[in-house]
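Residues per chain are reported as follows:
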Amino acid sequence: MSRTRTSDVLVIGGGIIGLVTAWRAAQRGFTTAVVDPEPGGGAAQVAAGMLAAVTELHYGEQTLLGLNLASARRYPDFAAELTDATGHDLGYRRCGTLAVALDADDRTHLRELHTLQRRSGLDSEWLSGRECRRLEPMLAPGVRGGLRVDGDHQIDPRRVAGALVAACERAGVVFHRTWAERLDVVRDRAAGVTTTGGTELGAGQVVLAAGSLSGRLAGVPDDVLPPVRPVKGQVLRLTVPKRYAPFLSRTVRAVVRGSQVYLVPRESGELVVGATSEELGWDTTVTAGGVYELLRDAHELVPGITELPLTETRAGLRPGSPDNAPLLGPTELAGLSLATGHYRNGVLLTPVTGDAMAHVLTTGELPDEARPFTPRRFGAAALTEQPA
Ligand code: GLY
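Note that the structure is predicted; figures quoted are calculated from it, not measured. (Residues numbered from 1 in each chain as written. Predicted model: local features only at pLDDT ≥ 70, side-chain atom pairs only at ≥ 80, totals over all residues. Heavy atoms only, no water.)

1. What to know about the layout of surface pockets
Over the atoms rolls a probe the size of a water molecule, and its path tells where empty space is left. Each pocket or cavity is described by its volume, and for the second largest pocket that value is around 340 Å³. Around the second largest pocket sit 21 residues that line it, and Gln260, Ser277, Arg318, Tyr343 and Arg344 are the ones nearest its centre. Looking at the lining of the second largest pocket, the elements with two or more residues in it are α2 (62–86), β14 (259–265) and α6 (288–301). (1 Å grid on protein atoms, 1.4 Å probe; cavity = no way out; pocket = protein on both sides within 12 Å on 5 of 7 lines; lining within 4 Å. Points joined across faces, edges and corners; volume = space filled by probe spheres on them. Helix = DSSP H or I, 4+ residues; strand = E, 2+ residues; numbered from the N terminus.)

If you want it as structure tokens, here you go:
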């Protein structure tokens, strides 16, 4: 067994949430390390990268909406800063989103979403089917109406992940390309991790940012272990040949037979079609049924997709939490903070998470906008509290 140099901050997990935390920590002057066998991997390699605070609004998630909007507002500066730091093009496309309805039930659902959006002060415009097709001529003739949301954009998460690895390297972040096997706790304080190779990595502060794996790191006390579970998403990638461009000029999405389907067109010609949502534990098998349902639903929206080459099928694991919102900030174990549980919004929430975690590491507290997302909301006391 060997012991390596202690860093000020050790981040467990090198997905985009761990990387942005490490990058911001290094920028604040902390010596910073990341432990992950494959930095830049994880859910970002599968995600479509919709920055969809408005079209992914759900009843009961108004608090999360505030954080989503705060992060969406940061995106232009965040993307520019990351590109300046690395020279990487992130595929940030301010193209807006069109959410459409195919039948009367879908239309009712979308009208309700529109009401909720307006009540929440969000910009969203109701369009007839004809107006939808004027915007996106590839849409099926049967589209019955839709919501135009010009503020919901997209970015390429694979490029973001690659750029964050480069930005971290340039900022002096050390990468330990291995698994953290367990958290080491010394005198009631998180003191680092032991890797699968038996190396002890010491740190002044530890951040657990391992996505859906965060809920099962050995050594974390039971009452501190985040209640995070994997939620499988199967995603397809197609290619739009140049002769068909522009195939779609913005993200197009719908709820078809109760399932979300979205088509995200990149400037590169890639068309991402997602996603299933499956509670199947750690399974990441791409299934015939999953691919069939996505293609069937996407085809109902945009019949022309059957002409396109299908270039990739993949499944990833969203880190789901009990209230669909992330867990950010200090835990009841001194020295251990969390940045996990981002569920459907990991890419969108990357900028605000980086800023919030830098604040946590510097001051020991969450900034005001992130306070509702303290992991302590799921603590033993909170779970046993009864309404008066
Ligand atoms: N935010 C899209 C998804 O999780 O499928």
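Now that the structure has been shown, we can carry on.
2. Some points on the sheet that holds β14
One open sheet holds the eight strands; their spatial order is β5-β6-β4-β13-β14-β15-β12-β16, and the pairing between them is mixed. The outermost strands of the open sheet, each flanked by one partner alone, are β5 (125–128) and β16 (310–320). Across this sheet, the average inter-strand angle for adjacent strands is 25 degrees, counted without regard to direction. The strands touched by helix α3 (residues 104–119) are β4 (97–101), β5, β6 (145–149) and β13 (251–256); relative to β6, the strand with the most contacts, the crossing angle is about 30 degrees. (Pairing = 2+ DSSP bridges. Axes fitted to C-alpha atoms, helices over the stretch in contact; angles between N-to-C directions. Contact = heavy atoms within 4.5 Å.)

3. Notes on the packing of aromatic side chains
Overall, the coordinates contain three aromatic pairs when judged by the stated rule. Measuring from ring centre to ring centre gives 5.8 Å for Tyr75 and Tyr92, while their planes differ by 35 degrees; the resulting arrangement is tilted. Taken together, the residues Tyr75 in helix α2 and Tyr92 in the loop between α2 and β4 connect sequence positions 17 residues apart. Through a chain of ring-to-ring contacts, the aromatic side chains of Trp23, Tyr75, Phe78 and Tyr92 assemble into a single cluster. Directly above the ring of Tyr244 sits Arg243, whose terminal nitrogen or CZ lies 4.8 Å from the centroid. (Phe/Tyr/Trp six-rings, centres within 6.5 Å; stacked < 30°, edge-to-face > 60°. Lys NZ or Arg CZ within 6 Å of the ring centre and 35° of its normal.)

4. Regarding a positive patch on the surface
Side chains of Arg107, Arg111, Arg118 and Arg144 sit close together on the surface and give a patch of like positive charge. As for its placement among the helices and strands, Arg118 is situated in helix α3. (Patch = residues over 30% accessible without salt bridge, like charges linked within 9 Å, V, L, I, M, F, W, Y side chains within 5 Å. Areas by Shrake-Rupley, 256 points an atom, 1.4 Å probe, with all protein chains shown as cover. Salt bridge = Lys/Arg side-chain N within 4 Å of Asp/Glu carboxyl O. Lys, Arg positive; Asp, Glu negative; His and termini not counted. Charge placed at Lys NZ, Arg CZ, Asp CG, Glu CD.)

5. With respect to the site of the ligand
Every residue close to the ligand is listed here: Met50, Glu56, Tyr262, Ala275, Arg318 and Arg344. Here a nitrogen atom of the ligand sits 3.2 Å away from a polar atom, N or O, in the side chain of Glu56. Tyr262 places a side-chain nitrogen or oxygen 2.5 Å from an oxygen atom of the ligand. Of the residues assigned to the shell around the ligand, the class counts are three nonpolar, no polar and three charged. (Near = heavy atom within 4 Å. Polar contact = N/O pair within 3.5 Å; in protein donor to acceptor, adjacent residues only side chain to side chain. Nonpolar A, V, L, I, M, F, W, Y, C, P; charged D, E, K, R; others polar.)

6. Structural notes on the packing of helix α1 (residues 16–27) against α2
Between α1 and α2, whose axes approach to 14 Å, the crossing angle comes to 70 degrees. On the basis of their axis angle, the class for α1 and α2 is roughly perpendicular. Of α2, the residues touching α1 (which contributes Val20, Trp23, Arg24 and Gln27) are Phe78, Glu81, Leu82 and Ala85. For the contact of α1 with α2, the class distribution of residues is five nonpolar, one polar and two charged. (Parallel < 35°, antiparallel > 145°, perpendicular 65-115°, else oblique.)

7. Notes on a nonpolar patch on the surface
A cluster of nonpolar side chains, Trp179, Leu213 and Trp282, forms an exposed patch at the surface whose accessible area comes to about 310 Å². Residue class for Trp179 comes out partly exposed when judged on its relative accessible area of 49%. (Buried < 20%, exposed > 50% of the residue type's maximum accessible area, 1.4 Å probe, protein only.)

8. Side note on unusual backbone geometry
Excluding glycine, most residues fall at negative phi; most peptide bonds, likewise, are trans. A cis geometry characterises the amide bond from Ala245 onward to Pro246, with omega recorded as -5 degrees. In this fold, Pro246 is placed in the loop between β12 (229–239) and β13. Non-glycine residue Arg187 carries a positive phi angle of around 45 degrees. Judged by its relative accessible area of 78%, Arg187 is exposed. One non-glycine residue with positive phi stands out, namely Tyr343, at about 50 degrees. Here Tyr343 is to be found in the loop between β18 (336–340) and α7 (350–363).

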